[in-house]
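Tertiary structure, described
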Amino acid sequence: MMTRRTFIGGTIASATMLANSTLAASGTDLTRLTLAEASALIRTGALSPTQLVEAYLSRIARLQGSVNAYITVTDQLALEQAQRLDTELAAGHWRGPLHGIPIALKDNIDTAGIRTTAASALLKDRIPNTDAEIYRRLREAGAILLGKLNMHEWAWGGTSAITHFGPVHNPWNLAHIPGGSSGGSAAAVSARLCCAALGTDTLASIRLPAAYCGVVGLKATHGLNSIRGIIPVAESLDHVGPLCRTVTDSALMLQAMAGFDPLDPVSIDARIPAYVDALYQSPTGLRIGIARTPFYDRLDPDIATAVDEALVVLGTLTAVVREVSLPPPPDFSVLLAESYAYHEQYLAEPANHRLYDPVTLERILAAGQVKMPDYVRVRQELALVRHAIAKVFTDVDVLITPTAPGLPELISEAENPAVASGAESSVRNTFPFNLYGIPTLSMPCGFSRSGLPIGMQLSSAHLSEPALFTLAQAYEQATAWHRREPPLA
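In this convention, every chain numbers its residues from 1, walking through the sequence in written order. Residue-level local features of this predicted model are given only where pLDDT is at least 70; pairs of side-chain atoms are given and counted only at 80 or more, and the full residue set underlies all totals for whole chains, interfaces and linings. Values shown for side chains rest on all heavy atoms present in the structure; no hydrogens or waters enter the calculation.

The salt bridge criterion pairs a side-chain nitrogen of Lys or Arg with a carboxyl oxygen of Asp or Glu, the two atoms within 4 Å. Inspection of every chain in the model, using the stated rule, returns 21 salt bridges. In this structure, the salt-bridge partner of Glu88 is Arg95, at a minimum N-O distance of 2.6 Å. The salt bridge involving Arg137 is made with Glu133; its shortest N-O contact spans 2.7 Å. Linking Arg137 with Glu133, this pair stays in helix 5 (residues 133–140), spanning four residues, or about one helical turn. For every residue, the accessible area (1.4 Å probe, protein chains only) is compared with the maximum for its type, and the residue is labelled buried under 20%, exposed over 50%, or partly exposed between those bounds. Looking at Arg137, the relative accessible area reads 13%, which means it is buried. The numbering of helices and of strands both runs from the N terminus, where a helix is a DSSP run of H or I of at least 4 residues and a strand a run of E of at least 2.

A few words on the packing of helix 9 (residues 301–317) against helix 16 (residues 465–478). It is at 10 Å that the axes of helix 9 and helix 16 come closest, and there the two elements cross at 115°. The pairing of helix 9 with helix 16 is recorded here as roughly perpendicular in orientation. Where helix 9 crosses over helix 16, the two elements pack in a sense that is right-handed. Taken together, the residues of helix 16 that come into contact with helix 9 (itself represented by Ala310, Val313, Leu314 and Leu317) are Leu471, Ala474, Tyr475 and Ala478. Helix axes are fitted to C-alpha atoms over the stretch in contact, other axes to C-alpha atoms as well, and angles between N-to-C directions run from 0 to 180 degrees. What sets the label is the angle itself: under 35 degrees gives roughly parallel, over 145 gives roughly antiparallel, 65 to 115 gives roughly perpendicular, and the rest give oblique. Here a crossing is taken to be left-handed if its near helix is turned anticlockwise relative to the far helix by less than a right angle, and right-handed if that turn runs clockwise. In this description, contact between two residues means that some pair of their heavy atoms is separated by no more than 4.5 Å.

Spatial strand order, 1-3-2-4-6-5-10-11-9-7-8: 11 strands in an open sheet with mixed pairing. Of all strands in the sheet, those with a lone pairing partner are strand 1 (70–73) and strand 8 (320–323), marking the two edges. Neighbouring strand axes in the sheet, compared pairwise and without regard to direction, differ in orientation by 30° on average. Contacts from helix 3 (residues 49–67) reach strand 1, strand 2 (102–106) and strand 3 (144–149), with the element oriented near 20° to strand 3. For two strands to be treated as a pair, DSSP must find at least two bridges joining them.

The subject of this paragraph is the side chain of Asn352. Turning to its location among the elements, Asn352 is positioned in the loop between helix 10 (333–347) and helix 11 (358–367). One polar contact links the side chain of Asn352 to the main-chain carbonyl oxygen of Tyr346, over a distance of 2.9 Å. Asn352 has contacts with Leu122 and Tyr346, leaving out every residue within four places of it along the chain. Under the rule applied, a polar contact is a pair of N or O atoms within 3.5 Å (in protein, one hydrogen donor and one hydrogen acceptor; residues adjacent in sequence only if both atoms are side-chain atoms).

It is worth spelling out the packing of aromatic side chains at this point. In summary, the pairing rule links any two rings of Phe, Tyr or Trp, Trp by its six-membered ring, whose centres are within 6.5 Å, and it sorts them by plane angle into stacked for under 30 degrees, edge-to-face for over 60 and tilted for everything else. Under the counting rule described, the total for this entry stands at 10 aromatic pairs. Between Trp154 and Tyr346, the ring centres sit 5.9 Å apart and the planes meet at 40°, which makes this aromatic pair tilted. A residue pair is termed long-range when its members are at least 10 positions apart, and Trp154 in the loop between strand 3 and helix 6 (183–190) and Tyr346 in helix 10 qualify at 192 residues. Side by side, Trp154 and Tyr346 carry an identical accessibility label, which is buried. Ring centres 5.9 Å apart and planes at 70° place the aromatic pair Tyr342 and Tyr346 in the edge-to-face group. Taken together, the positions of Tyr342 and Tyr346, both in helix 10 and four residues apart, correspond to about one turn of that helix. Accessibility expressed as a relative area gives 18% for Tyr346, which makes it buried.

Further remarks concern helix 9. Over its 17 residues, helix 9 runs 25 Å from end to end, which matches the ideal 24 Å to within 8%, given 1.5 Å per residue. Among the residues of helix 9, those classed as buried are Asp302, Ile303, Ala306, Val307, Ala310, Leu311, Leu314 and Leu317. For helix 9, the angular spread of buried residues about the axis comes to 170°, placing them on one side. More than 90 degrees from the buried face of helix 9, the exposed residues found are Pro301, Val312 and Thr316. For helix 9, the secondary structure elements touched by its buried residues are strand 7 (287–290), strand 9 (398–402), strand 10 (440–447), strand 11 (453–460) and helix 16. In this structure Asp300 caps helix 9, since a side-chain oxygen of it lies 2.9 Å from the backbone nitrogen of Asp302. What a helix is expected to span follows from its residue count: subtract one and scale by 1.5 Å. An arc is given here, and it is the one of the directions from the helix axis to the C-beta atoms.

As for its placement among the helices and strands, Thr202 is situated in the loop between strand 4 (196–201) and helix 7 (207–213). Assessed through its relative accessible area of 6%, Thr202 is described here as buried. A distance of 2.5 Å separates polar atoms of two side chains, one belonging to Thr202 and the other to Asp238.

Orientation of helix 10 relative to helix 12 (residues 372–392), taken along the N-to-C sense of each, is 125°, at an axis distance of 8 Å. If you check the angle between helix 10 and helix 12, you find them oblique. Judged by the sense of rotation from one axis to the other, the crossing of helix 10 with helix 12 is left-handed. Contacts between helix 10 and helix 12 involve Ser333, Val334, Ala337 and Glu338 from the former and Asp374, Tyr375, Arg377, Val378 and Arg379 from the latter. Side-chain classes are defined by residue name, with Ala, Val, Leu, Ile, Met, Phe, Trp, Tyr, Cys and Pro counting as nonpolar, Asp, Glu, Lys and Arg as charged, and the others, Gly among them, as polar. Among the residues making up the contact of helix 10 with helix 12, the classes are represented as four nonpolar, one polar and four charged.

Turning next to the pairing of strand 4. Of all the six residues making up strand 4, six are buried; the element is thus mostly covered by neighbouring parts of the structure. By the alternation rule, side chains of strand 4 split into Ala196, Leu198 and Thr200 and Ala197, Gly199 and Asp201, which are all buried. Two strands pair when backbone bridges link them, and strand 4 and strand 6 (residues 239–244) are joined in this way by five bridges, in the antiparallel orientation. Of the residues in strand 6, the one forming a bridge with Gly199 is Gly241.

Next up, the structure:
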């Protein structure tokens, strides 16, 4: 096993060579650098945080009107942070791999003095007084805030077409949705409007947009990353995690994010390994599990083909591939009851009802019908199913499933209330892993015949993120899907 010091040294050396070749190939477009590549150049002084921020702000100015990924662009703050980090670096102080890296946050993550709206008309002018803990950690690690990202209203849907600030567009085809609820986060990373982004995930909301936009999205073990200061859906299921262009970038982000927060009720006190070490481990000893039902049922034909081809590649990288069955997850009573408990304060005022999209309002009001005995019962079932899923990993190390059963629909269809209210089918393959509470990562594994990205989902045991990174990195290096770029002008 490499030490973290060895990894960072090796990463700087290798990424600098790669970054230099990338810059030579792309002219002066600094936004084509991955996080690891940009980090290496900043560390060696070949690139300044200010230069990188200016490149991203220029691209945002050019493409925001088409993609609509941002709600708020914090251009002045980003430049101020970049200049401060330039000064620190000149004085010999390097904060780590995120020093000078421009990121953006889903707009349900609190930022002191910067509006945080959850894409809702009700909160359109809300300005928090404190930062979410997860943003504080990233800022201390040297990340620079480019702005706050558009999303599905209140994180209560999978399209990002329902938002007070207008629908988010998929960079691969602007007529299609980017998924949700972290649609702006995935679209911004895919369109190179930030180097990395944060999203939140209660049923699908990091992984579904990652699949639809052709990027890497990670939902780590429940409680590994602090959710304090994030507008909730249901804290028993809520996760916050990174969306990035590569597996390496995801590991670097998680390294700065993970850790116990004693003021977060669902935070877990666990040893944090050097996730980046896992990128250099061999996957040959890993055992792959294939859960056919229901995850492989009724797939879009292009998705079925792409995942089958991915399984062939994975079979060459590992020694064991076997079929497994997963315990049935409980129903959504926990999600519904906890979400309604948050919204009850707003819904008690009838005038506020008109500030919710009708589809969102209907769903949340229905959630208020969950009875206390049902909530208690499902909380108990939730604990039991998290014990049961652990037994599956005595026989396998990583589960492989398609991220989504279908391709992203048209925005015009997603905005139709009749369609929007029946959109739960898109989360069929993702939601069980929120209830299991285990780490799950979506990464590109192909494209449809129409040119839309397809995602593959990898899941491992509680606190077994390193296994995900090892296998995902090996697959990414054996394929070229992550190198494709959306056809944006």
